[in-house]
Every structure is written in C-alpha cells, then in structure tokens.
Amino acid sequence: MKFDIKWAIGPALLILSPDVAWPETMRESVLRAAIIREGLLPASELQVPTDPELVSVGHKLFQSRLLSNNLDTACASCHVDRFGSSDGIPIALGTGASGFGNERIRSGGDIIPRNAQALWGRGGNGFDTFFSDGRVTSDGVSVQSQFGQLSPSEDPLIVSIHLPSVEIGEMLSGDISQLQTETVESANLVYELIVNRVIEDELLGRELSIAVEKQPEEISFLDIATALAHFIRFNFAIDPTKLHRFAFSDGDLTENEINGGLLFYGRGGCSTCHNGPYFSDFRFYALPFPQFGFGANGFGVDYGRFNVTLDVNDLYSFRTPPLYDVLDTAPYSHSGSVYSIEEAILYHVDPLRFIDTQSLSTQERVDYYERLSVWADTPLNGVFLSDNDVEDLVSFLNTLDMAPRLRLEEID
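What counts and how
- Residues numbered from 1 in each chain as written.
- Predicted model: local features only at pLDDT ≥ 70, side-chain atom pairs only at ≥ 80, totals over all residues.
- Heavy atoms only, no water.
- Helix = DSSP H or I, 4+ residues; strand = E, 2+ residues; numbered from the N terminus.
- Rg over C-alpha atoms; globule rule 2.2 N^0.38 Å.
- Buried < 20%, exposed > 50% of the residue type's maximum accessible area, 1.4 Å probe, protein only.
- Contact = heavy atoms within 4.5 Å.
- Areas by Shrake-Rupley, 256 points an atom, 1.4 Å probe, with all protein chains shown as cover.
- Lys, Arg positive; Asp, Glu negative; His and termini not counted.
- Charge placed at Lys NZ, Arg CZ, Asp CG, Glu CD.
- Arc of directions from axis to C-beta.
- Polar contact = N/O pair within 3.5 Å; in protein donor to acceptor, adjacent residues only side chain to side chain.
- Axes fitted to C-alpha atoms, helices over the stretch in contact; angles between N-to-C directions.
- Parallel < 35°, antiparallel > 145°, perpendicular 65-115°, else oblique.
- Left-handed = near helix turned anticlockwise from the far one by under 90°.
- Nonpolar A, V, L, I, M, F, W, Y, C, P; charged D, E, K, R; others polar.
- Pairing = 2+ DSSP bridges.
- Phe/Tyr/Trp six-rings, centres within 6.5 Å; stacked < 30°, edge-to-face > 60°.
- Lys NZ or Arg CZ within 6 Å of the ring centre and 35° of its normal.
- Salt bridge = Lys/Arg side-chain N within 4 Å of Asp/Glu carboxyl O.

### Remarks on the overall build of the protein chain
Part 1 of the reasoning: Per the secondary structure count, the protein chain includes 13 helices and seven strands.
Part 2 of the reasoning: For the protein chain, whose C-alpha radius of gyration is 24 Å, the value lies close to the compact-globule estimate of 22 Å for 412 residues.
Part 3 of the reasoning: Along the first, second and third principal axes, the C-alpha atoms of the protein chain reach 90 × 55 × 40 Å.
Part 4 of the reasoning: Counting across all 412 residues of the protein chain, residues that qualify as buried make up 51%.
Part 5 of the reasoning: Considering only residue pairs separated by 6 or more positions, the protein chain has 65% of its internal contacts joining residues 24 or more positions apart.
Part 6 of the reasoning: Of the roughly 20,000 Å² that the protein chain leaves accessible, carbon and sulfur atoms contribute 54%.
Part 7 of the reasoning: Distance between charge centres in the protein chain, computed from 28 positive and 59 negative side chains, equals 4 Å.

As structure tokens, this is what we get:
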C-alpha cells in the first residue's frame, strides 16, 4: 500500500492516499535484521543438486517394503506427509506394525524407544548431524558413525540411510540371532539380502541399474542408499516459507507473528539454540521433558547423546531439533511425551508447571532431578513467558510451515 500524507488545517489530521510507499515499522526492521543475523539463508542456498533418475527410483525404494528383512516395513511407514514427514505418534513402531498414526499403535509391533524424526532439510547444505543423539555426524572431512573406520560413504546422509534396515525392531526382525553381533559384517549380511531382493524385482532392479549405470550384479546397498538420498534431498528440500519471503523479499507478517518473532530472537531466548538456516545449532542439550515409554536405556531412562560418546557431560542431551513444519510434527521431545507445541515451548522455560512429582517413582524423580540440574545451567533458566507470549511464538513458528508436497503415497 502507498500513501500521500497531507496535513489538514486544525488538529493533526492525516489524510492518506495510495501514491507514496509507507515505510516499514521499526519492529519489522528489527525482526528482519535479527532473522538474518541469526543465520537464515535463502532456501535455494540449502538445496543440493539431485539426479531425476535417482530421485525416481529412490521414491519407489522409499515406498518399498523390500528394505525390511521380513517385508512388512518401509521408510514410508514412519514418514508420512500428513504428519509433516514424521509418524504422528509418541514413539515409533517398526516391524510388525501397520497403518498410520493411532492405527499404528493399535496394530501392535516392535517399539522403537524414540520419536520418529521429520525429514525436512535432511542432507541439505550444512545439515550434517543426524538422529536425535547425533549418532551420524560429519565435520566436513570425515563421517563419525557406528561404522567407525568402515564408513560406507563420506556423505553423512547416505551413511544415516544405512542404519534403519539393520536396526532391530525398526526394519529388522524375525530370526536374527546370527545378526545380533552389532558388527559391520552382520550388517553386510542384511544389506546383501536387500540388494538381492531389489535386483530380482523387475521394476526396481531395472530402474536402479539404469540410474546408477551398473549391471544388476554390480549393484550394492550403497547404490540403494544413494538413490534414497537423492529422493530425500529432492522431496524434503526446504522451500521458501512465509518467513523467508518476509526476510528476503516483500512478504508481510501479521502482528502476532511479528510479536512472536521478536520474542523468539529476543527475550524468549529461542534463537540461542534454534538458529542458523535450519533453526538448529546441531548441538546437544538436556531439557527436562518427561520420559515416555521404556527408554533407550531401559526402565524409563534415555541417556541420549551419552550413548554415542560415553561422555558424562552428554548425559540426557539431545540434538536441537530443526523447526520446519514443526506444528505438523507433534508429539514432541525425544520420546514424544509432549502433545502440544504450546506445552513444548513451556517445558523449555517452566518445566515444573507440568510435573506431579508424587506420581513419579523414586527412580523417576532422581532421573528427572538430574535433567533439571543440567537444564538449570542453560540460558533458558529464568525466562518468563505469559500465555499470550506462547500464542505469539506459535504464530511465529507457523511461518515455517512447509506446503504439502503430496509426493508420498500412503502405502497399503
């Protein structure tokens, strides 16, 4: 909108007409500067080139149950469009489960003790830390993972794609006694089984062979993982959001979104950790979210990053989650114990608001106190947020919504 400003005789009366550009407010200017200062980049700078043939066959592999040893689970079983590329339930259910969302819970199946991760931005430029405990990371020179010195690739996304098919309960079940050695050699037995299945599939075998320019007998699991990586980089690439359009072009935000943004980058302290182009610093922090389910360490305990590093300073720590499409990826936390985004925000600054210590066992209280003691050293300790503040923050987070892709079919 453009205005001419003319002064009328008498009291200060502004007459506005659509001719001259009305300047942006100081609040908009401050917010835009903060967004750019904290590392947001144009979406195009995050995207990695992909090969259309590999994307096409990678899409089919993503939907295929051939990648699980008992033929009942696909990548698409737990990464669904309607749940923002997550699965809509607290902790994932792998082999033996069927359906989506609550249907999957009712169906039974093997329990995975952590919340399924959304896939937005995975493998984009600068996205080099995978899984909530960072079990796959890259320093730009080498990849650190469970494979140790036998890493199948220098691409951390490709390495991370190697893990679900050999994760017991996730895509691996049945008679697996010979595979429970936690060695690369055992993993290779699984990969060989999967490769043979894919090669024998008339459609997948032919398309993958053409895409990787190899004879069928030369194909390895690395080729399958590479095709999946191309699909993930294409399908879950970060597109320009409402916030990108505000920061880098002429997009507008509502008053509530501006309020939330100023809180996010200011008094709320959110950008202390949620910064950079993916709204994550890819570091690890202990937050006092309640533990849901058995826990990765059993008996309602999950030591998080410590399970990877064995460093006591990493106890209960998890990677800062990226925030794209965050309103669609509930429930939240490493164990999916928080069902609303409003509560997830408040757990960062006022965790005792939700905890009934009388309902916890002695061990659960001790575990929770330990997490509280680590959280007390974070910059978020002592931040006050009113209910209106939380509403404004939610409005701001909604500017990171990703348009539905409609590129994933829900498999039968």
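### Overview of helix H6 (residues 202–212)
Part 1 of the reasoning: All buried positions along H6 are accounted for by Leu204, Gly205, Leu208, Ser209, Ala211 and Val212. In a view along the axis of H6, the buried residues occupy a sector of 165 degrees, so they form one face of it. Opposite its buried face, H6 presents the exposed residues Glu202 and Ile210, each directed more than 90 degrees away.
Part 2 of the reasoning: Buried residues belonging to H6 abut helix H2 (52–63), helix H5 (184–200) and helix H7 (221–235).
Part 3 of the reasoning: Put simply, Asp201 is the residue that caps the front of H6, since its side-chain oxygen is 3.1 Å from the backbone nitrogen of Leu203.
Part 4 of the reasoning: At the exit of H6 stands Glu213, carrying a positive phi of roughly 60 degrees.

### Observations concerning the side chain of Gln291
Part 1 of the reasoning: Its location among the elements puts Gln291 in the loop between strand E6 (284–285) and helix H10 (306–309).
Part 2 of the reasoning: A polar contact is formed between the side chain of Gln291 and the side chain of His334, at a distance of 2.8 Å.
Part 3 of the reasoning: When residues no more than four places from it in sequence are discounted, the contact partners of Gln291 are Gly300, Val301, Asp302, His334, Ser335 and Arg371.

### Thoughts on the packing of helix H1 (residues 26–37) against helix H9 (residues 255–265)
Part 1 of the reasoning: Running from amino to carboxyl end, H1 crosses H9 at an angle of 50 degrees, the nearest separation of the two axes being 10 Å. Of the possible angle classes, the one that applies to H1 and H9 is oblique. Helix-helix and strand crossings are classified by hand; for H1 and H9 the assignment is left-handed. Between H1 and H9, the residues in contact are Arg27, Glu28, Val30, Leu31, Ala34 and Ile35 and Glu255, Ile258, Asn259, Gly261, Leu262 and Tyr265, respectively.
Part 2 of the reasoning: Across the contact of H1 with H9, the residue classes break down as seven nonpolar, two polar and three charged.

### Looking at the environment of Ala187
Part 1 of the reasoning: Relative to the assigned elements, Ala187 resides in helix H5.
Part 2 of the reasoning: Taking the C-alpha atoms as reference points, Ala187 and Val166, separated by 21 residues in sequence, lie 6.0 Å from one another.

### Structural notes on the sheet that holds strand E5 (residues 143–144)
Part 1 of the reasoning: Pairing within the open sheet is antiparallel, and its three strands lie in the order E3-E4-E5. Two strands bound the open sheet, and with one partner strand each, they are strand E3 (129–130) and E5.

### A word on the packing of aromatic side chains
When we look at a pair of aromatic rings, we describe it by the centre distance and by the angle of the planes.
Part 1 of the reasoning: Summed over all chains, the structure comprises 19 aromatic pairs.
Part 2 of the reasoning: Ring geometry for Phe127 against Phe282: centres 4.8 Å apart, planes inclined by 70 degrees, an arrangement best described as edge-to-face. Pair noted here: Phe127 is in the loop between helix H3 (102–107) and E3 and Phe282 is in the loop between H9 and E6, with a separation of 155 residues, a long-range link. The exposure classification of Phe127 matches that of Phe282, with both residues buried.
Part 3 of the reasoning: Arranged with centres 5.7 Å apart and planes meeting at 80 degrees, the rings of Phe279 and Tyr324 form a pair that is edge-to-face. Of this pair, Phe279 sits in the loop between H9 and E6 while Tyr324 sits in the loop between strand E7 (318–319) and helix H11 (341–349), placing them 45 residues apart in sequence. Judged on exposure class, the residue Phe279 and its partner Tyr324 are both buried.
Part 4 of the reasoning: Here the aromatic cluster, defined as three or more aromatic residues joined through ring pairs, consists of Phe264, Tyr265, Phe279, Tyr324 and Phe396.
Part 5 of the reasoning: If you follow Arg32 out to its NZ or CZ, it ends over the ring of Phe246, 4.3 Å from the centre.

### Overview of the pattern of salt bridges
Part 1 of the reasoning: Within this structure, the stated rule accounts for 12 salt bridges.
Part 2 of the reasoning: Where Asp133 meets Arg135, a salt bridge forms, and the shortest distance between an N and an O atom there is 3.1 Å. Residue Asp133 shares its accessibility class with Arg135, and that shared class is buried.
Part 3 of the reasoning: One network of salt bridges, in which partners are shared, links Arg114, Asp133, Arg135 and Asp302.

### Looking at H9
Part 1 of the reasoning: All of the buried residues in H9 are Glu257, Ile258, Gly260, Gly261, Leu263, Phe264 and Tyr265.
Part 2 of the reasoning: Buried-residue contacts for H9 involve H1, helix H8 (242–248) and helix H13 (387–397).

### Concerning the environment of Val301
Part 1 of the reasoning: One can find Val301 in the loop between E6 and H10.
Part 2 of the reasoning: Assessed through its relative accessible area of 10%, Val301 is described here as buried.
Part 3 of the reasoning: Distance in space between the C-alpha atoms of Val301 and Gln291 is 7.0 Å, their sequence separation being 10 residues.
Part 4 of the reasoning: Once residues within four sequence positions are removed from consideration, Val301 is found in contact with Gln291, Phe294, Gly295, Ala296 and Asp367.

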